[in-house]
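# Structure at a glance
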2 protein chains.
Amino acid sequence: MIYPEEFEKLQESFKSFPGIGDKSAERFVYAIDSLDIDKVEDIADNLINFKKNIRKCKICGHLTNRDVCNICDSESRDKSIICVVEDSKSVFSFEKTGKFRGTYHVLGGLISPIDEINPEDLNIYSLINDRINDETLEVIIALNPTVEGEMTSLYIQKLLEDKNVKVSRLSYGIPMGADIEYLDPLTIIRAMDDRKFLS
Amino acid sequence: MIYPEEFEKLQESFKSFPGIGDKSAERFVYAIDSLDIDKVEDIADNLINFKKNIRKCKICGHLTNRDVCNICDSESRDKSIICVVEDSKSVFSFEKTGKFRGTYHVLGGLISPIDEINPEDLNIYSLINDRINDETLEVIIALNPTVEGEMTSLYIQKLLEDKNVKVSRLSYGIPMGADIEYLDPLTIIRAMDDRKFLS
């Protein structure tokens, strides 16, 4: 027993963080050791407060500390446009651009038969049953262009066929600032397919 | 206000960890979000328990959950040999080799005029005044071979001149500029075996 029990337990806790192995976890323990007790209590409180207060928005599924998130609750957001995303990370990314004024619908994952994630495990049916109404004009599908993203996108498109709404997806193409020379062939093909006529 | 308050506070907490910036801290927050409340409470408890119970050994200064660490308290350790180290990380590194059967003295840092760390800020005088007695045969100085390590080593050597003990330092099998924490056990054993007597 080289390390004290409390040391090993805290190290184990840190190893549950993504990308953190033995060495990084040990460094975190020394960092905690060098902090004042007040600061460590703050960290512990922040963990508990986050876990106790952060929940999913009853309307869109986005992370929030209220029943309804500040986007769904905002008078200034356009409720007729719903942007469908995989998770709250995507919402934060779109919000950082400050350009999108519609609302979101957070699926909480993507359909993946290999990982046994089926449509009923995701926040899909509430989109169809609860979100879309006579005022809905457009559903933007904003999922990652992966196998799972495409599969989920197709599934949602299918469910939306009967509804009287426009369905769109993000454009695929060359990222700004990229060099065509280094792009993968699939992206180039997509950029060609999705080309925008200028005249 | 894109992120909920609890999200930002927890992210800030994680940013106080070494080497963790915005992005990693955000990933940690999502990881916490995906854990059960029980697991998060465990992490919070482990933080508090570590901070409340881990203290410095009254004899050697090593991290311990008791008044006297299990090394100083052990019948089987050779109290006549004291290995002087910078911090508890070094103790753990030596202990992992399983070869050293003496005791330690943890300085809690190195003399560094630039960083305004003077001898009186470190656990040096208790080595001279309290640890060394008639039964002490040898003091091994096991500090990193850096400017601060050499300076601290020389300072301790000077203080030990009047004492009737052998003083040794680790051999320079250790590459200059390296950190004991990251060395493989074999190199540490070699450095221990090849230690050079100074008096």
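Residues numbered from 1 in each chain as written. Chains lettered and ligands numbered in written order. Predicted model: local features only at pLDDT ≥ 70, side-chain atom pairs only at ≥ 80, totals over all residues.

Attention now goes to the packing of helix α1 (residues 5-15) of chain B against helix α2 (residues 22-33) of chain B. Residues and elements named next belong to chain B. Two elements in contact, α1 and α2, have axes whose closest approach is 8 Å; the angle formed by their N-to-C orientations is 120 degrees. Classed by the angle they form, the pair α1 and α2 counts as oblique. When the axes of α1 and α2 are compared, the crossing they make is right-handed. Contacts from Phe-7, Leu-10, Gln-11, Phe-14 and Lys-15 of α1 reach α2 at Ala-25, Glu-26, Phe-28, Val-29 and Ile-32. (Axes fitted to C-alpha atoms, helices over the stretch in contact; angles between N-to-C directions. Helix = DSSP H or I, 4+ residues; strand = E, 2+ residues; numbered from the N terminus. Parallel < 35°, antiparallel > 145°, perpendicular 65-115°, else oblique. Left-handed = near helix turned anticlockwise from the far one by under 90°. Contact = placed C-beta atoms within 7 Å.)

This paragraph deals with the domain arrangement of chain A. It is common to report an interface's size as the accessible area lost on association of the parts. Domain annotation of chain A identifies domain 1 (5-53) and domain 2 (74-169). Between the C-alpha centres of domain 1 of chain A and domain 2 of chain A the distance comes to 35 Å. (Domains from an automatic or database assignment.)

Now for the pairing of strand β6 (residues 166-169) of chain B. All names here are of chain B. In this sheet, β6 lies alongside strand β5 (residues 138-141) in parallel orientation, the contact comprising four bridges. Counterpart to Glu-138 in the pairing with β6 is Lys-166. As for the winding sense of the linkage, the β-α-β connection from β5 through helix α6 (residues 147-160) to β6 is right-handed. (Pairing = 2+ DSSP bridges. Right-handed = clockwise from strand over helix to strand, strands pointing away.)

Core analysis: the biggest nonpolar cluster contains 32 residues, and Cys83(B), Val84(B), Val85(B) and Ala142(B) have the highest contact counts within it. Of all the secondary structure elements, the ones that give two or more residues to this core are β3 (78-85), α4 (88-97), β4 (102-106), β5, α6 and α7 (185-193) of chain B. With four residues, the top contributor of residues to this core is β3(B). Among residues more than four places away in sequence, those in contact with Cys83(B) are Phe94(B), Phe100(B), Gly102(B), Tyr104(B), Ile140(B) and Ala142(B). Judged by nonpolar contacts, the second largest core, of 30 residues, contains Phe7(A), Val40(A), Phe50(B) and Leu63(B). (Core = buried A, V, L, I, M, F, W, Y, C linked by C-beta atoms within 7 Å. Buried ≥ 20, exposed ≤ 12 C-beta atoms within 10 Å, placed from the backbone.)

Turning to the environment of Ile54(B), a few remarks are in order. For Ile54(B), the position within the fold is in the loop between α3 (37-53) and β1 (55-56). According to the C-beta neighbour criterion, Ile54(B) is buried, with 20 such atoms within 10 Å. When the C-alpha positions of Ile54(B) and Pro119(B) are compared, they lie 24 Å apart, and in sequence the two are 65 residues distant. Every residue in contact with Ile54(B), bar those within four places of it in the chain, is listed here: Pro4(A), Glu6(A), Phe7(A), Asp33(A), Leu63(B) and Asn65(B).

Attention now moves to the interface of chain B and chain A. In this assembly, 38 residues from chain B lie in contact with 38 residues from chain A. Looking at the side of chain B that touches chain A, the elements with two or more residues in it are α1, α2, α3, β2 (63-64) and α4 of chain B. Looking at the side of chain B that touches chain A, the element that brings in the most residues is α3(B), giving 13 residues. Taken together, the residues of the side of chain B that touches chain A sort by class into 21 nonpolar, six polar and 11 charged. (Nonpolar A, V, L, I, M, F, W, Y, C, P; charged D, E, K, R; others polar.)

On to the environment of Phe14(B). Residues and elements named next belong to chain B. Counting through the fold element by element, Phe-14 comes out in helix α1. Under the C-beta neighbour-count criterion, Phe-14 is labelled buried, with 23 such atoms within 10 Å. Setting aside chain neighbours within four positions, we find Phe-14 in contact with Ile-20, Ala-25, Phe-28 and Val-29.

Turning our eyes to something else, we now look at α3(B). Residue and element names in this part refer to chain B. For α3, which comprises 17 residues, the first-to-last C-alpha distance of 24 Å matches the rise-based estimate of 24 Å (1.5 Å per residue) to within 8%. By the burial criterion, the buried members of α3 are Val-40, Ile-43, Ala-44, Asn-46, Leu-47, Phe-50 and Lys-51. Down the axis, α3 shows its buried residues gathered within 150 degrees of arc, on one side only. Across from the buried face of α3, at angles greater than 90 degrees, the exposed residues are Ile-37 and Asp-38. (Expected span 1.5 Å × (residues − 1). Arc of directions from axis to C-beta.)

Take the pairing of strand β3 (residues 81-85) of chain A next. Residues and elements named next belong to chain A. In terms of burial, β3 is a largely internal element, four of the five residues being buried. As paired elements, β3 and strand β5 (residues 138-141) share four bridges and run parallel to each other. Residue pairing for β5: Ile-81 is matched across the bridge by Glu-138. Inspection of the sheet shows β3 paired to strand β4 (residues 103-106) by four bridges, in the parallel sense. Looking at the pairing, Val-84 lines up with His-105 of β4. A crossover links β3 with its parallel partner β4, the connecting element being helix α4 (residues 88-97), and its sense is right-handed.

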